[in-house]
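One letter stands for each residue in the lines below.
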Amino acid sequence: MATIEECRAALDKFSDSMRDAEGNVRAAAAMDRSVSCHITDLDVTFAGRLGGGRIEVHDTFPGPPREKAQIRLAMAGDDLVALVDGELHFARAWGSGRVRLEAGLRDLFHLRKLL
């Protein structure tokens with residue numbers, strides 16, 4: 001089972017890869033949205049903001065998200081690490097229910113370029 005520190009490192013790695021992206025991916029990463037990522041097996045939530053091509057985590061707290069972020073993710077810690085490391089394909093994980101993504105329709109269109 002991935003630790004809180006490994007999950008945070010995975011989010012930082014994902015953020016770094018978005019910052020270094022080009023083209024459509026870079027444009028999608030430039031959105032300005034509130035973000036939460038609930039790690040279900042650890043029952044911890046990372047909350048922050050997607051902006052300027054990065055995800056900035058502002059808070060980490062136990063339990064599910066306290067506020068409804070504009071982009072909401074939920075998954076097990078091992079799945080987050082595997083997604084970021086390229087060992088798990090997002091569409092397959094989402095289709096099987098291993099990863100949950102909730103966002104407005106316009107945001108989903110932009111996010112498909114990232115994921």
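Our subject is the structure that appears above.
Residues numbered from 1 in each chain as written. Predicted model: local features only at pLDDT ≥ 70, side-chain atom pairs only at ≥ 80, totals over all residues. Heavy atoms only, no water.

## A word on the overall build of the protein chain
Right, so step 1: Of regular secondary structure, the protein chain possesses 5 helices and 5 strands.
Right, so step 2: For the protein chain, the N- to C-terminal ordering of α and β elements is α-α-β-β-β-β-α-α-β-α.
Right, so step 3: Looking at the protein chain as a whole, 41% of its 115 residues are labelled buried.
Right, so step 4: A separation threshold of at least 6 residues defines the contact pool for the protein chain, and within that pool the share at least 24 residues apart is 57%.
Right, so step 5: Accessible surface for the protein chain amounts to roughly 6600 Å². Of this, 51% is attributable to carbon and sulfur atoms. (Helix = DSSP H or I, 4+ residues; strand = E, 2+ residues; numbered from the N terminus. Buried < 20%, exposed > 50% of the residue type's maximum accessible area, 1.4 Å probe, protein only. Contact = heavy atoms within 4.5 Å. Areas by Shrake-Rupley, 256 points an atom, 1.4 Å probe, with all protein chains shown as cover.)

## Topic: the packing of aromatic side chains
Right, so step 1: Summed over the entire model, instances satisfying the criterion amount to 1 aromatic pair.
Right, so step 2: Here F90 and W94 contribute two aromatic rings whose centre-to-centre distance is 6.5 Å and whose plane-to-plane angle is 15°, an arrangement assigned as stacked. Within this pair, F90 and its partner W94 are both found in helix α4 (residues 90-96), separated by 4 residues, close to a single helical turn.
Right, so step 3: Taking relative accessible area as the criterion, W94 reaches 47% and is therefore assigned partly exposed.
Right, so step 4: Taking the ring centre of F61 as reference, the NZ or CZ of R66 above it sits at 4.0 Å. (Phe/Tyr/Trp six-rings, centres within 6.5 Å; stacked < 30°, edge-to-face > 60°. Lys NZ or Arg CZ within 6 Å of the ring centre and 35° of its normal.)

## A look at the pairing of strand β3 (residues 54-62)
Right, so step 1: As paired elements, strand β2 (residues 44-51) and β3 share 8 bridges and run antiparallel to each other. Residue pairing for β3: T45 is matched across the bridge by F61.
Right, so step 2: In this structure, the hairpin formed by β2 and β3 is closed by a connection of 2 residues, where G52 is found at a positive phi of approximately 60°. (Pairing = 2+ DSSP bridges.)

## Some details on the nonpolar core
Right, so step 1: I39, F46, L50, I71 and L80 are the most contacted members of the largest nonpolar core, which totals 27 residues.
Right, so step 2: For this core, the elements supplying multiple residues, two or more each, are α1 (4-19), β1 (33-39), β2, β3, β4 (71-75), α3 (77-84), α4 and β5 (99-103).
Right, so step 3: Discounting residues that sit within four places of it in the chain, L80 has contacts with C7, A10, L11, I39 and M75. (Core = buried A, V, L, I, M, F, W, Y, C linked by side-chain atoms within 4.5 Å.)

## What to know about the pattern of salt bridges
Right, so step 1: Counted under the stated rule, the structure contains 8 salt bridges.
Right, so step 2: The residue D107 makes a salt bridge to R33 at a minimum N-O spacing of 2.7 Å. Note that D107 is positioned in helix α5 (residues 105-114) and R33 in strand β1, a separation of 74 residues in sequence.
Right, so step 3: Overall, D107 belongs to the buried group, its relative accessible area being 7%.
Right, so step 4: On the basis of relative accessibility, which here comes to 22%, the residue R33 falls in the partly exposed class.
Right, so step 5: Of the charged contacts in the structure, one is a salt bridge between R72 and E102, with a shortest N-O distance of 3.3 Å. With R72 in strand β4 and E102 in strand β5, this residue pair connects regions lying 30 residues apart in the sequence.
Right, so step 6: Residue classification places R72 among the buried residues on the basis of a relative accessible area of 16%. (Salt bridge = Lys/Arg side-chain N within 4 Å of Asp/Glu carboxyl O.)

## As for α3
Right, so step 1: Most of α3 sits inside the fold, with 6 of its 8 residues counted as buried.
Right, so step 2: For α3, the complete set of buried residues consists of G77, D79, L80, A82, L83 and V84.
Right, so step 3: On its buried face, α3 is in contact with α1, β1, β4, α4 and β5.

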